[in-house]
Amino acid sequence: MQKKLYNIKMRSAQGGNHKKGGQHISGAERIVPEEDIFSTVSSLLKRSLTHSKGKADFINISLEEIKREEIIYLSSLPITTLEVRNYKEGRAGAIQCLHTAGLSLPQARAILNLLAEAPSLRGAMLIDIHTLKRLEPDLQRGVRATGMDWAPEIYPRLEAFLEKEGLNNIHVREALALASKVARAPGIVAEICWSDDPEYTAGYVASPSLGYMRLTHLKPAGVAKGGRIFCFDPCQANLQQCLHWLEEQITVINEIGPCKGIFSLNNYFGENKYGVNR
Ligand code: WAQ
Ligand code: MG
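Predicted model, so just to flag it, every value in this text is computed and none were measured. (Residues numbered from 1 in each chain as written. Chains lettered and ligands numbered in written order. Predicted model: local features only at pLDDT ≥ 70, side-chain atom pairs only at ≥ 80, totals over all residues. Heavy atoms only, no water.)

Participant: Even after reading the chapter, I still don't get a nonpolar patch on the surface, so can you show me in this structure?
Facilitator: Taken together, the side chains of Leu45, Leu49 and Ile61 present a nonpolar region at the surface, about 210 Å² in accessible area. Looking at the secondary structure, you find Leu49 in helix α1 (residues 37–49). For Leu49, a relative accessible area of 39% gives the class partly exposed. (Patch = residues over 30% accessible without salt bridge, like charges linked within 9 Å, V, L, I, M, F, W, Y side chains within 5 Å. Areas by Shrake-Rupley, 256 points an atom, 1.4 Å probe, with all protein chains shown as cover. Salt bridge = Lys/Arg side-chain N within 4 Å of Asp/Glu carboxyl O. Helix = DSSP H or I, 4+ residues; strand = E, 2+ residues; numbered from the N terminus. Buried < 20%, exposed > 50% of the residue type's maximum accessible area, 1.4 Å probe, protein only.)

Here you go:
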């Protein structure tokens with residue numbers, strides 16, 4: 001018989017519960033077999049109590065058994081790294097990535113500006129790419145992609161694969177799992193993200209056709225505000241289907257996509273195509 005799997009979710013805040021105005025510190029989740037429950041809960045607790053954004057004074061951890069038949073298995077998106085000198089160059093590259101993913105250049109620029117100017121949220125903004133309006137039911141929180149992780153049996157292989165690329169850190173492991181789920185959501189044409197951890201300046205643009213495009217800097221160091229935008233095209237799917245996939249569908253990655261290499265913007269997009277003349 002196959003082992004039972006459990007979805008463990010953690011969210012933490014400082015200044016009390018998120019719902020009472022507490023400042024979001026960290027949110028994370030894992031899908032693990034029974035024997036890993038204790039170690040997983042304690043590592044999630046540790047993360048909330050020792051986070052670079054501050055020590056949490058509100059921590060909520062929930063645990064739920066998953067029915068095997070409810071799981072949809074996915075492969076992870078192929079990884080490409082675009083090496084940029086600073087966040088401005090990174091943002092110019094991100095616009096070009098969004099454009100390659102199918103957005104017009106004005107749409108791509110508008111999405112980037114929305115993220116740069118967004119309030120601090122616990123979830124992502126879900127943006128209609130035509131009207132640029134936010135579609136999340138809860139605008140204080142944003143929409144959270146949940147119910148995703150790497151299959152426990154490929155975790156060792158994943159770590160070895162990422163280690164070889166110099167990418168074996170928790171940001172990459174979690175973001176790649178999330179992006180691999182979100183890119184397959186009905187109506188999602190692209191995602192853009194950068195971390196809210198002050199010292200982690202890398203971010204990414206992802207889409208089914210682009211894969212996971214890392215940009216080595218998307219924000220200046222020391223900034224504790226990050227965010228995510230899921231770009232939704234209502235001509236391709238209905239909003240409820242999309243929200244169901246993001247928030248309810250359990251997805252587990254059981255196949256590791258390839259690493260396509262490291263490029264400069266000029267190398268990848270061609271000379272000065274991305275609007276930075278240097
Ligand atoms: N669903 C939707 N939005 C989320 C979720 C989620 N499950 N988790 C976080 N967010 C939003 C929220 O607004 C956070 O402030 C923001 O995303 C950033 O989250 O390849 O670490 O967990 O080197 O800080 C990307 C680059 C790292 C990794 C992303 O994001 C790489 C990162 P963080
Ligand atoms: Mg973070």
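Participant: I'm lost on helix α4 (residues 155–164) in this one. Help?
Facilitator: Given 3.6 residues per turn, any residue in an α-helix points the same way as the ones three and four places further on. Among all positions in α4, only Tyr155, Leu158, Phe161 and Leu162 are buried. Buried residues of α4 fall within an arc of 120 degrees about the axis and therefore sit on the same side. Away from its buried face by more than 90 degrees, α4 exposes Pro156, Arg157, Glu163 and Lys164. Packing partners of the buried residues in α4 comprise β2 (23–33), β5 (79–82), β7 (148–150), α5 (170–182) and β13 (259–263). (Arc of directions from axis to C-beta. Contact = heavy atoms within 4.5 Å.)

Participant: It is not clear to me how the site of ligand 1 should be interpreted in this structure. Could you clarify?
Facilitator: Among the 25 residues in the neighbourhood of ligand 1, the closest are listed as Gly123, Asp196, Tyr200, Tyr212 and Arg214. A distance of 3.4 Å separates a nitrogen atom of ligand 1 from a polar atom in the side chain of Arg144. A distance of 2.7 Å is found between an oxygen atom of ligand 1 and a side-chain nitrogen or oxygen belonging to Tyr212. In the complex, the protein chains occlude 93% of the 710 Å² of accessible area that ligand 1 would expose alone. If you list the elements that add at least two residues to the shell around ligand 1, you get α5, β8 (188–194), β9 (203–207), β10 (211–215) and β11 (227–232). (Near = heavy atom within 4 Å. Polar contact = N/O pair within 3.5 Å; in protein donor to acceptor, adjacent residues only side chain to side chain.)

Participant: How should the side chain of His24 be read in this particular structure?
Facilitator: When you line up the elements, His24 lands in strand β2. Among the polar contacts listed, one links the side chain of His24 to the side chain of His18, at a separation of 2.9 Å.

Participant: Just checking my understanding: could you explain the packing of helix α2 (residues 87–100) against helix α3 (residues 105–116) for this structure?
Facilitator: Interaxial distance between α2 and α3 falls to 8 Å at its minimum, and their mutual angle equals 130 degrees. Between α2 and α3, the angle falls in the class oblique. You can see that α2 and α3 cross each other, and the crossing is right-handed. Taking contact as the criterion, the partners of Arg91, Ala94, Ile95, Gln96, Leu98 and His99 in α2 are, on α3, Leu105, Ala108, Arg109, Ile111, Leu112 and Ala116. In terms of residue class, the contact of α2 with α3 is made up of 8 nonpolar, 2 polar and 2 charged. (Axes fitted to C-alpha atoms, helices over the stretch in contact; angles between N-to-C directions. Parallel < 35°, antiparallel > 145°, perpendicular 65-115°, else oblique. Left-handed = near helix turned anticlockwise from the far one by under 90°. Nonpolar A, V, L, I, M, F, W, Y, C, P; charged D, E, K, R; others polar.)

Participant: What should I look at first to understand the sheet that holds strand β12 (residues 250–255) in this one?
Facilitator: In a beta sheet, neighbouring strands pair by backbone hydrogen bonds and run either parallel or antiparallel. Reading across from one edge, β4-β12-β7 is the order of the 3 strands in this open sheet, with parallel pairing throughout. Each edge of the sheet is formed by a strand with only one pairing partner; in this case those strands are β4 (71–75) and β7. Within the sheet, the average angular offset between the axes of one strand and its neighbour, ignoring direction, is 30 degrees. Across the sheet, α5 touches β4, β7 and β12, and the angle it forms with β7 is around 125 degrees. (Pairing = 2+ DSSP bridges.)

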